[in-house]
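# Coordinates in review
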Amino acid sequence: MLDQAQRLRQMATEGNEDNNRPKIITVTSGKGGVGKSNLVVNLAIAIQKMGKKVLVFDADVGMGNDDVLMGFLPKYNVFDIIFNNKSIDEVVVEGPFGVKLLPGGSGVARVNEITNTQRNNFLDKLSKLEDLDYIIMDTGAGINRSVLGFISCCDELILVVTPEPTSLMDSYSLLKAVVHFKIKSKTKIVINRTIDKNEAEETYDKFQNAVKNFLNINTEYIGNVSEDRKLVLAVKSQEPFIIGSPNCMAAQDINKIANLLVGDCSSETGTGIQGLFKKIFNIFS
C-alpha cells in the first residue's frame, strides 16, 4: 500500500535542524467518529493554559473540522501559503487562550506539485512560528498513506480508542500497519467516551493484550475521557467544553492527560515546525 516505506523508516533521524524545536504529537484513530478532533482541540487548550505555546495542525486532508470545533472558519490553509504566496500570519488563526491553528486543507495532498523554490520559501516562512512548545497534529482516521505518513513524522503518537468493538478492531489494524512498515515502536493510548474509569481500564487491558500477543509495539495508557453531555452541547455551540464547562468530568480527564504529556515531554527535544514539514515533503513528494 505504501510505496515509500523506506522513507517512513528514515524520518525519525531526519529534519531536526531547528534551534527551537517544539514537540510534535500526532493524534490519530483507527476509525472516524471516535471524538479524535474534539480531544485534540480541548487537549491543546489544556496544555496552553498550563503556560505552554501550542499549535494545532489540522492534517485531516479534505475533512478537517478543528476550526469548527474552535468556533471559526479560516479563509486560507497551507495550500495558500505554498501556492498563493500567503504569509503565515494570514493563514494561521489564533484560537482560545492563544492556541494557534494551521489548517492543512488540500495543501498536503498536492505536495508532489511543489517546486524547490516553493518548498524553500514555505520553510522560510515557517520561521515565524518558531516560538512554540508543542505541535499537535490531527490526522484523518483509518489506514491510508497520509495517516501513516503523518504518524512517521511525530515525536509522540497518541491513538484514540473507544470501547466499541469496531474501534478496537480498527485501532488494532492501524497499529498492525504501523508495525508492518516499521514506522513506530511505541504509542500512547487514550480511551475516549467511557462510562467510568473501570470501563476505560478494562478496554485498554483488552486492547493491550491483543497488541502484546500479536504485534511488536509498546503501548502506554495515558488516560480516558468520560462520555459527558457537556461535550455534546459544546460541539453544538462551537465552544470547546474545557472552556464552556471547565469543571465537567471530560474537562477534568483532559487536564489529567495534559499534565501527564507535559511532564513526559518536559526534558526532551522535539522535531520542530520546519523539521516536521521537511519530513512531510520527503514522504509525500
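Up top is the structure these notes are about.
Here's what I pulled together on the structure shown here. Model, not experiment: these values are computed from the prediction. All residue numbers refer to position in the chain's written sequence, counted from 1. Where local features are concerned, this predicted model is filtered to residues with pLDDT of at least 70; where side-chain atom pairs are given and counted, the filter is 80 or more; whole-chain, interface and lining totals use all residues. Excluding hydrogens and water, the side-chain values take into account all heavy atoms of the structure.

### A few points about the overall build of the protein
Counting from the N terminus, the helices are the DSSP runs of H or I reaching at least four residues and the strands are the DSSP runs of E reaching at least two. Each helix and strand counted, the protein has 13 helices and eight strands in total. Partly exposed residues are those whose accessible area sits between 20% and 50% of the maximum for their type, while under 20% is buried and over 50% is exposed, using a 1.4 Å probe and protein chains only. Sorting the 285 residues of the protein into buried and exposed places 55% on the buried side. Pairs at least 24 residues apart make up 83% of the contacts formed inside the protein by residues separated by at least 6 positions. Looking at the protein as shown, the accessible area adds up to about 12,500 Å², and 45% of this sits on carbon and sulfur atoms. Residue contacts are defined here by distance: any two heavy atoms, one from each residue, within 4.5 Å place the two residues in contact. Using the Shrake-Rupley algorithm and a 1.4 Å probe, accessible areas are obtained, with residue cover drawn only from the displayed protein chains.

### What about the environment of Ile151?
Residue position: Ile151 is located in helix H7 (residues 145-153). Taking the relative accessible area as the measure of exposure, Ile151 reaches 1% and is therefore buried. Each C-alpha atom of the pair Ile151 and Lys184 lies 7.9 Å from the other, and the pair is 33 residues apart in sequence. In contact with Ile151, other than residues within four places in its own chain, are Thr26, Thr28, Leu157, Leu174, Val178, Ile183 and Lys184.

### Description of the side chain of Lys125
With respect to the helices and strands, the residue Lys125 is situated in helix H6 (residues 116-125). Apart from the residues within four sequence positions on either side, Lys125 is in contact with Ile81, Asn85, Lys86 and Ile88.

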